[in-house]
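Coordinates in review
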Amino acid sequence: MMPAFIRKDILIAMIVLWAGLSVVALTLGWREVFPAIGAVALAIGLSIFLTHRRSFQEQQRLWDNQDEIQLRMLWRYLQMQKRGRQDRDPLTLDQLEERITDSFESMVEAKRDEAKLETYMYEMIYSVIGTLQWGLGAMLVDWVHGV
């Protein structure tokens, strides 16, 4: 899975490239090129959005898995506390406490990573603008150049 900061950097680079090429195409009156740049922006925006969505779902699954593990370990811990003995559990109370702490930290990290993925707004705006440019771009070029 690609780190979130790299995806964000790629998205920013693509927006800058798209904006620069769009300005050039609009200024020079490239009636066929301007909408094509919008189509490429739409394709890139959708691919980034879908990749991001998949990563978000993976982080959500990790969170859910960690949550289940945490509950099972807490139940074991409480059973050991109630009974005052270890029963058949291979872990000591201290070992179980350490695992619960590690699992909790992993759970918090998974939630933090999930929160970093929530940049859908930018990706959707990029895709919507690309779609409008693709569909209406030739009309805009004609209007700007008085054709």
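Our structure's up above, just so we're on the same page.
A brief report on the enclosed structure follows. Treat the numbers as computed from the prediction; the structure is a model and nothing was measured. (Residues numbered from 1 in each chain as written. Predicted model: local features only at pLDDT ≥ 70, side-chain atom pairs only at ≥ 80, totals over all residues. Heavy atoms only, no water.)

Here we look at the overall build of the chain
Note the following rule: Per the convention used, a helix needs a DSSP run of H or I reaching at least four residues, while a strand needs a run of E reaching at least two, with both numbered from the N terminus. We call a residue buried when its accessible area falls under 20% of the maximum for its residue type, exposed when it is over 50%, and partly exposed in between, using a 1.4 Å probe and counting protein chains only. By the convention used here, residues are in contact when the closest approach between their heavy atoms is within 4.5 Å.
Scanning the chain from terminus to terminus reveals four helices and zero strands. When the 147 residues of the chain are sorted by exposure, 30% land in the buried category. Counting only contacts in the chain whose residues sit at least 6 apart along the sequence, the fraction spanning at least 24 positions is 77%.

Some thoughts on the nonpolar core
Rules: What makes a nonpolar core is a set of buried Ala, Val, Leu, Ile, Met, Phe, Trp, Tyr and Cys residues whose side-chain atoms join them at distances within 4.5 Å.
Among the nonpolar cores identified, the biggest contains 10 residues, and these are Leu11, Trp18, Ala25, Phe34, Ile37, Ala41, Ile44, Ile48, Tyr126 and Val141. Of all the secondary structure elements, the ones that give two or more residues to this core are helix H1 (4-28), helix H2 (33-83) and helix H4 (120-144). Element by element, the count of residues in this core is highest for H2, at five residues. Those residues in contact with Ala41, other than ones at most four positions away along the chain, are Trp18, Tyr126 and Gly130.

Concerning the environment of Leu28
Inspection of the secondary structure puts Leu28 in helix H1. Sequence-wise, Leu28 and Val141 are 113 residues apart; in three dimensions their C-alpha atoms are separated by 9.0 Å.

Observations regarding the side chain of Ser127
Inspection of the secondary structure puts Ser127 in helix H4. Residue classification places Ser127 among the buried positions, given a relative accessible area of 4%.

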